[in-house]
Amino acid sequence: MLTASACTGNDDFPAGPERGTTEPAATSPAPSPAPSTTPVSTVGPIELSRADAELEVSIEQLRGGVDRTERARLRAAISEPIARWINAAFRSGGDPNSDLDAAFAGWTPRAAALAREHRDVTTNAALGANLSRVIIDMRRVRLFVFATDGVVGGATAGVTLRVAGVHPAGSETRFSVEGELYLTRDGSQWQIFGYSLQRQQEQR
Amino acid sequence: MSVALLTVLGVVVPDASRPPPEFALVQLDGVEGLDATDDVIWMLALGSDARPGEPVMRSRSDAIQLVGMNTVNHHAVTIGIPRDSYVDIRGFGRDKINAAMVYGGPEATAGAVTALTDIKPDYVFVASFPGLIRMVNGVGGVRAEVTYKMDGLNQAFYPGPHQFSGVEALAFARIRYGLPGGDFDRSMDQGELLAGGLATLAGRMRQPGYFERALGVFARYTDTNLSPVELYRLGRTVMTIDPAQVRVCVLTGRTGYAGGASVVFADLAATRSLVADVRNDATVDQTC
């Protein structure tokens, strides 16, 4: 059992929140701005050359008889289509419309079709094509995994992205995408088959 | 059909590592499993009347709810089928529909429901008395509307919204006497409990990881021929339904007698009309 309080013999339906232990993220988090969705004012020169934040992935919950040694492999396998989506949809430049196939390659066909319709949220398409650069200031994924009798069936990924689009004149548009992705296995490959995402924009 | 049945019954072998099953979830033949392309899913939810020591899936089904879920517009409909409905049970002749599970398990009940409604369920879910109590208590109770004053099974309920504990929910689903519509009103109450349960779960889903924890407990107490992947997808699909868009319906009919037993003769014209409305989209456009 990998969570501290909810796995101590309680196998009844959970009526309340579980307080889980979080294993270290897969990568060291890069410095990121404080979470905020309210407009912020510019207090100094914009640092246009800052690097993208690393992808942080943690397994928050894994029950159902899965061996502890499987955690690292599971974390890598589940996060693979998520990382591909983030990179292609938000990181690969100012116009993701040119490469939506890559953005949704790790999604089931139906989910990919829906996500294309919602591209203003599921990609950085809303920023437009005229950006000089896109910087990802935070990309965090928290995994909640379902398994029974040692067999993994699916997972919810809580996702937090903070993205900055830099315009040629130097101004910067920031937005965040937060919510959940739903994933299952197709053999050993994990796929995103659903989502519930929200986008909020900041101006500076 | 027989393959699915054998699979499920084959799993009901005592397993020291698992508690006794309190639920069964059977995927019937004719579907390839749930995927994102299924716009409408039909599930037959059965409440088994099994007493301690009796087989859950070979006892009478005293709650029979055919539930349609539209994964596109997030509507759903519950169609209550009075347990005394006098129907054809393939291979066993005419009898009350609640006897079908005794004759041929959940699949016989599904067959009888299909013969009556012309809707073939994709899944059959069977809950025992302890299973229902566990489920309701586990989610912290279920809120549903009481229409009539009810008294029975050591419980009393009064008109208005009520927060049901597990034991209360079981009584609410079983009490018939005193209800002006008898079996029909009881079927309505069962549908209200289902709708209330969905609303409760939808509220709980805001807690990160709740879905996975609840599904894990459900799997532990359930015999099923669904793989963990299929179970996860089905659960996620059910949770796409908007509780505010669930319509509770009951098949109408008239009471009468058959072989000295009090039975319900379904209003076939009304049944056909309701089915024509909901079969393809699980969305009620007319009154029900």
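Q: Explain the overall build of chain B to me, please; I cannot follow it from the model alone.
A: Along chain B, the regular secondary structure elements total eight helices and 15 strands. Pairs at least 24 residues apart make up 68% of the contacts formed inside chain B by residues separated by at least 6 positions.

Q: Explain the pairing of strand β15 (residues 261-266) of chain B to me, please; I cannot follow it from the model alone.
A: Residues in a regular strand project their side chains so that they alternate between the two faces of the sheet. All names here are of chain B. The pairing of strand β14 (residues 253-258) with β15 spans six bridges and is classified as antiparallel. Across the sheet, the residue bridging to Ala258 is Ala261, located in β15. Taking the residues that link successive antiparallel strands as the turn, the β14-β15 hairpin has two residues, and the phi of Gly259 there is positive, at about 60°.

Q: Which parts of the structure should I look at to understand helix α5 (residues 183-204) of chain B?
A: Each α-helix winds once per 3.6 residues, and so residues spaced three or four apart point in a common direction. With 22 residues, α5(B) should reach 32 Å at 1.5 Å per residue; the first-to-last C-alpha distance of 32 Å fits that figure. For α5(B), the buried fraction is high: 19 of the 22 residues fall into the buried class.

Q: What's the story with the pairing of strand β3 (residues 61-70) of chain B in this structure? I'm lost.
A: Residues and elements named next belong to chain B. Burial analysis of β3 places 10 of its 10 residues in the buried class, which makes it a mostly covered element. Both strand β2 (residues 40-48) and β3 contribute to a ladder of nine bridges, which runs antiparallel. Along β3, the bridge assignment pairs Gly47 with Ala63. Sheet analysis places β3 next to strand β4 (residues 76-80), joined by five bridges and oriented antiparallel.

Q: How should I be thinking about unusual backbone geometry in this particular structure?
A: The phi angle of most residues is negative, glycine excepted, and most peptide bonds adopt the trans form. Residue and element names in this part refer to chain B. Non-glycine residue His74 carries a positive phi angle of around 70°. Take His74: there are 16 C-beta atoms within 10 Å of it, and that puts it in the partly exposed class. In the Ramachandran plot, Asn154 falls in the positive-phi region, its phi being about 65° despite a non-glycine side chain. Residue placement: Asn154 occurs in the loop between β9 (150-152) and β10 (155-157). Its 8 C-beta neighbours within 10 Å are what place Asn154 among the exposed residues.

What counts and how
Residues numbered from 1 in each chain as written. Chains lettered and ligands numbered in written order. Predicted model: local features only at pLDDT ≥ 70, side-chain atom pairs only at ≥ 80, totals over all residues. Helix = DSSP H or I, 4+ residues; strand = E, 2+ residues; numbered from the N terminus. Contact = placed C-beta atoms within 7 Å. Pairing = 2+ DSSP bridges. Expected span 1.5 Å × (residues − 1). Buried ≥ 20, exposed ≤ 12 C-beta atoms within 10 Å, placed from the backbone.

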